[in-house]
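Residue strings, one per chain:
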Amino acid sequence: MQHGKYRFIVGFLAVPLGLYALFVVWPFVQSIYYSFTDWTGLSPDFEMVGFANYERMLDDGIFWKSLRHSLLFALLVPVVTIALALFLSFMINVGGRRRRGGPVISGVRGSALYKIVYFFPQVLSIAIVALLFAFAYNPDSGAINSFLRAVGLGGVQPLWLGDPDLALWAVMAVIVWSTVGFFVVLFSAGMASIPLDLYEAALLDGANRITTFFRLTLPLLWDTVQSGWVYMGILALGAESFAVVHIMTTGPGGPDYSTTVMVLYVYQKAFRDGQAAYATTIGVALLLVTLAFAAVVMRLGRRERLEY
Amino acid sequence: MGSNSAEYDGAREHGVREPGTRDRTGRGATGVGRRGLIKRSVALGLISVPTMSFLSACASGGGDDQDKAEAGKKTAKNPLGVNDTAPMEFVLFDGGFGKEYAEDAVAVYEKAFPGAKVKFSATQKIQSTLQPRFNQGTPPDLIDNSGAEQMDMGTLVGKKQLTDLTPLLDAPSYDDPGTKVRDTLRPGIVEMGRFDGEQVWILYYAYTVYGVWYSQKALDSLDEQYPETWDQMLAVCAKAKKKGMAGWTYAGKYPYYLPFSLYPMIGKVGGREVLDAIDNLEPNAWKHPAVKACFEAYYELQQKGYVLKGTPGLDHIQSQTAWAKGDALFIPNGSWVENESANVLPDDFGLAVSAPTGLDSSDKLPFGTLWASGGEPFVVPAKAANAPGGMEQLRIMLSEASSKNFTGKVKSLTAYNGGTDGIELTPGLKSGVAALEVAGENVVNPRLQDWYVQLQKEKIGVSGLGEMMAGRATPAETIKKIQAFADETAKDSSIKHYKHQ
């Protein structure tokens, strides 16, 4: 049996592994290879240049700025998004006051509606969200500054995306706004699978809502939170941050490089400046950052798994 | 971006793997004996050796060139010797000018060569459609390489991907066999098509007038003329401010619109050489007193509150809309603004353009000195199957009839010098033609925006001028910063460098 087992497994895995190798592993290998060349992306001839691109990258101030911003995205955006999503989904599912004749554990009043409302931004594509917020941030006639004027704060009229100190935060807020709903739904599903009797026991022991959350809900939800964390970090390093920075910010990437991120820099180098090889070099750096991020989160988050 | 999505998948794998399975893979590694290790490394070697040659043949293509069409017979009607049965492929950028003008020109080509099959397509995705074809060595015969997805011209030229258009320029023009095509073009067009050396790689078909755009009606309401000196400019702005109108606005999120009036002003104050030195990335080019004087003049607008509040956070459309509503008097822009803002410009706006205001009478060049240059760069790839066909198509487009058709349809001038008689010009176009007449020989043509895109847009534009006009940096700091950026670009060996001839 031992002998036939591998053949059996290989038979099943050959096609998916082949596809994986072709469409996932192969592009990786290729882009690493190109990072050692001087390929422009506009002509088929190029030469090997050794580590020249890497040396150049280490001396490139814009690269370091983009790396710093990307790391900030990967650390801050998931923390804020997940904290907010945990709070909201707890209130929707567990946090409600006990109503006479109702179930022991329930969400706040109107929680079914909130669930739909929170999920709403997720339905819109990130490009549309970014565009909407670009209008909202318009310092002259945008919604935010108009609101400030309407409530008598006419003296406070920030430039938002035009201000190097605010632009990055303004962009991060958009990502948080657009993704928090997804995690509310994800965590709600996770909370629904936590047995009710555990909550009842906690209530009988006199636990309040905060204790219940930290002692009961969060530990039982840990696996979901951890996956969500990695997923969110990767979104913040990749597609989402590219879309919002590219669509919303000055330049894009500014003002004064205050919002440039690694993905944007890869794009600009490859498709604006015709330096595809250097772009893949930055891409390799981005790959390392992403892998390191995933590794760190998995490592930090390792806990005993609870069976229930 | 393909490799990016791959990264997500790869890393997501890590993310969702359950804690229990991780140990198993770790233990598996220790179970490999020495023999297994040797086997594996041999296998790896076997894979990786052919891999290296395969690698170079993948995304970057094999470079098998397509067969060139045989040359046709050169006649008076066919001076470029187009093969009248060879197919011709033309890819147009489908942007603000639409595609009708090109379709009309294609129809003329088809009429001239009934045996030739013309494949015409229009797209906004120039780079994503054509970059692979350049890599494979099978590009089309004529390309309008324009728009957000423009392929970097410097790289295309540097990598010898384009055909020299000199035969076209030396061919007789479509309308008059006695005149060469090059003599029918507007000032600067031929020069702009050069990079280094005598060859002309690009033919810019549209002709753009840059300058300060304003509403004649608004100026009339202030009882003012367009200011010719900076003192007058400040006086007009002060007057406007009293009426609750800002003097200036600009595309704050894309501050590289500011040079449209700032660079010709520098040229007017300090002479053409100052702009040439800047383009040539000469050391200390930005430290010229003329640059300093013009930067200080613009900074003064900001300091005196003559720039519309909130401008640094507006994009080009938002700033143009504010200007069209009458919130601001002047905006630096190009002649496309008439088309782009058509639906927000009131009918009685009295759209007009002027050459930039100078400092005073001691300026090197007279008032009227203007930046005008080509837009819509057409190129014929070096590996095109039917390069003469591509050039013939351009020759047709440079005829008076085609040029007139273009101007009538899309409200823009073309590279063809003339072609405005007998058609009714819109207000903006009319004032553009008038401004060109006032300028005469004094048309400047700064090249940073096509030679060094990153330097011009991101570094000088956003980081330099953008910060200064938002009031966050002084002119002196800005000049120092921009000079450092220019030096950096001059030293960068991965960028191809150009010089004015």
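Residues numbered from 1 in each chain as written. Chains lettered and ligands numbered in written order. Predicted model: local features only at pLDDT ≥ 70, side-chain atom pairs only at ≥ 80, totals over all residues. Heavy atoms only, no water.

Draft legend 1. Region of interest: the overall build of chain B. Within chain B, the regular secondary structure consists of 21 helices and 10 strands. Across the 501 residues in chain B, those meeting the buried criterion constitute 55%. Look at the contacts in chain B between residues 6 or more apart in sequence, and 76% of them connect residues 24 or more apart. In the form shown here, chain B has an accessible surface area of approximately 21,300 Å², with 52% of it arising from carbon and sulfur atoms. (Helix = DSSP H or I, 4+ residues; strand = E, 2+ residues; numbered from the N terminus. Buried < 20%, exposed > 50% of the residue type's maximum accessible area, 1.4 Å probe, protein only. Contact = heavy atoms within 4.5 Å. Areas by Shrake-Rupley, 256 points an atom, 1.4 Å probe, with all protein chains shown as cover.)

Draft legend 2. The arrangement of the pattern of salt bridges in detail. For the structure shown, the criterion picks out 22 salt bridges over all chains. Of the charged contacts in the structure, one is a salt bridge between Arg272(A) and Glu458(B), with a shortest N-O distance of 2.8 Å. Taken together, the residues span two chains, with Arg272(A) in helix H12 (residues 262–272) and Glu458(B) in helix H20 (residues 453–469). According to the relative accessible area criterion, Arg272(A) is buried, its value standing at 19%. Among the salt bridges present, the one from Asp170(B) reaches Arg182(B), with a minimum N-O distance of 3.0 Å. (Salt bridge = Lys/Arg side-chain N within 4 Å of Asp/Glu carboxyl O.)

Draft legend 3. Broad picture of the interface of chain B and chain A. Tallying the contact residues gives 61 residues for chain B and 62 residues for chain A. Across the interface of chain B and chain A, roughly 5,300 Å² is buried in total on both sides, 58% from carbon and sulfur atoms. Its salt-bridge partner being Lys481(B), residue Asp256(A) comes within 3.2 Å of it at the nearest N-O pair. Counting residues per element, the ones that place at least two in the side of chain B that touches chain A are helix H1 (2–16), helix H3 (34–55), helix H5 (126–136), helix H6 (153–158), helix H14 (316–324), H20 and helix H21 (475–491) of chain B. Per element, the largest residue contribution to the side of chain B that touches chain A is 11 residues, and it comes from H1(B). When the residues that make up the side of chain B that touches chain A are grouped by side-chain class, the tally is 22 nonpolar, 22 polar and 17 charged. (Buried area = accessible area lost by both parts, 1.4 Å probe. Nonpolar A, V, L, I, M, F, W, Y, C, P; charged D, E, K, R; others polar.)

Draft legend 4. Spatial organisation of the UniProt feature "transmembrane region" (unreviewed entry) in chain A. Residues and elements named next belong to chain A. Following the UniProt record, one finds the feature "transmembrane region" (unreviewed entry) at residues 7–29, 71–95, 116–137, 166–187, 229–248 and 276–298. The annotated region residues 116–137 carries 86% helix and 0% strand content, and the separation between its end C-alpha atoms amounts to 25 Å. Along residues 276–298 the backbone is 100% helical and 0% strand, and the end-to-end C-alpha distance reaches 32 Å. (UniProt positions renumbered as here; feature names shortened; annotations may be inferred.)

Draft legend 5. Structural detail: unusual backbone geometry. A positive phi is found at Trp160(A), a non-glycine position, where the angle reads about 50°. As for its position among the elements, Trp160(A) is in the loop between helix H6 (143–150) and helix H7 (167–192). Positive phi, normally seen in glycine, also occurs at Glu376(B), with a value near 55°. Along the chain, Glu376(B) falls in strand S8 (residues 370–379).

Draft legend 6. Spotlight on the packing of aromatic side chains. Summed over the entire model, instances satisfying the criterion amount to 53 aromatic pairs over all chains. Arranged with centres 5.4 Å apart and planes meeting at 55°, the rings of Tyr257(B) and Phe260(B) form a pair that is tilted. An identical accessibility class is assigned to Tyr257(B) and Phe260(B); each is buried. Centroid distance Trp323(B) to Phe349(B): 5.1 Å. Interplanar angle 75°. Geometry classified as edge-to-face. Of the two residues, Trp323(B) sits in helix H14 while Phe349(B) sits in the loop between helix H15 (337–340) and strand S7 (351–354), which places them 26 residues apart along the sequence. Trp323(B) gets classed as buried once you look at its relative accessible area, which sits at 1%. Overall, the relative accessible area of 7% leaves Phe349(B) in the buried class. Joined through ring pairs, the aromatic side chains of Tyr210(B), Tyr254(B), Tyr256(B), Tyr257(B), Phe260(B), Tyr263(B), Trp286(B), Phe295(B), Trp336(B) and Trp371(B) make up one cluster. Sitting over the ring of Tyr6(A), Lys5(A) keeps its end group 5.6 Å from the ring centre. (Phe/Tyr/Trp six-rings, centres within 6.5 Å; stacked < 30°, edge-to-face > 60°. Lys NZ or Arg CZ within 6 Å of the ring centre and 35° of its normal.)

Draft legend 7. Quick peek at the environment of Gly326(B). Residue and element names in this part refer to chain B. Among the structural elements, Gly 326 can be located in the loop between H14 and strand S6 (328–334). Take Gly 326: its relative accessible area is 27%, and that puts it in the partly exposed class. Along the sequence, Gly 326 and Tyr 214 sit 112 residues apart, while their C-alpha atoms lie 9.5 Å from each other.

Draft legend 8. How the structure looks around the pairing of strand S2 (residues 118–123) of chain B. Residues and elements named next belong to chain B. Pairing geometry for strand S1 (residues 88–93) and S2, over 6 bridges, is parallel. Its bridge partner lying in S2, Met 88 is registered against Val 118. In terms of handedness, the path from S1 via helix H4 (residues 100–112) over to S2 forms a crossover that is right-handed. (Pairing = 2+ DSSP bridges. Right-handed = clockwise from strand over helix to strand, strands pointing away.)

Draft legend 9. Structural view of a nonpolar patch on the surface. The grouping of Tyr6(A), Phe8(A), Ile9(A), Phe12(A), Leu13(A), Leu17(A), Tyr20(A), Val25(A) and Val29(A) at the surface amounts to a nonpolar patch, some 880 Å² of accessible area in total. With respect to the helices and strands, Leu13(A) occurs in helix H1 (residues 2–34). (Patch = residues over 30% accessible without salt bridge, like charges linked within 9 Å, V, L, I, M, F, W, Y side chains within 5 Å.)

Draft legend 10. Looking closely at the packing of helix H10 (residues 222–237) of chain A against helix H13 (residues 276–300) of chain A. All names here are of chain A. It is the contact of H10 with H13, at a shortest axis distance of 10 Å, that shows an interaxial angle of 160°. By the angle between their axes, H10 is roughly antiparallel relative to H13. Note on packing geometry: the crossing formed by H10 with H13 is right-handed. Of the residues in H13, those touching H10 at Gln 226, Trp 229, Val 230, Gly 233, Ile 234 and Leu 237 are Leu 286, Val 289, Thr 290, Phe 293, Ala 294, Val 297 and Met 298. In terms of residue class, the contact of H10 with H13 is made up of 10 nonpolar, 3 polar and no charged. (Axes fitted to C-alpha atoms, helices over the stretch in contact; angles between N-to-C directions. Parallel < 35°, antiparallel > 145°, perpendicular 65-115°, else oblique. Left-handed = near helix turned anticlockwise from the far one by under 90°.)

Draft legend 11. The arrangement of the nonpolar core in detail. Residues Phe73(A), Trp286(B), Phe295(B) and Phe330(B) are the most contacted members of the largest nonpolar core, which totals 218 residues. Inspection of this core shows a minimum of three residues originating in each of domain 1 (88–208 + 373–429) and domain 2 (209–372 + 446–491) of chain B. Excluding residues that lie within four positions of it along the chain, Trp286(B) makes contacts with Tyr263(B), Ile278(B), Val291(B), Phe295(B), Leu448(B), Ile460(B), Ile479(B), Ile482(B), Gln483(B) and Ala486(B). If you look at the next biggest cluster of nonpolar residues, it comprises 6 residues, including Trp39(A), Phe46(A), Ala276(A) and Ala277(A). (Core = buried A, V, L, I, M, F, W, Y, C linked by side-chain atoms within 4.5 Å. Domains from an automatic or database assignment.)

Draft legend 12. Region of interest: the side chain of Gln226(A). All names here are of chain A. Following the sequence through the fold, Gln 226 ends up in helix H10. A polar contact of 3.5 Å, which involves the side chain of Gln 226, links it to the backbone oxygen of Val 297. Here Gln 226 is in contact with Val 297, Met 298, Gly 301 and Arg 302, once residues within four sequence places are set aside. (Polar contact = N/O pair within 3.5 Å; in protein donor to acceptor, adjacent residues only side chain to side chain.)

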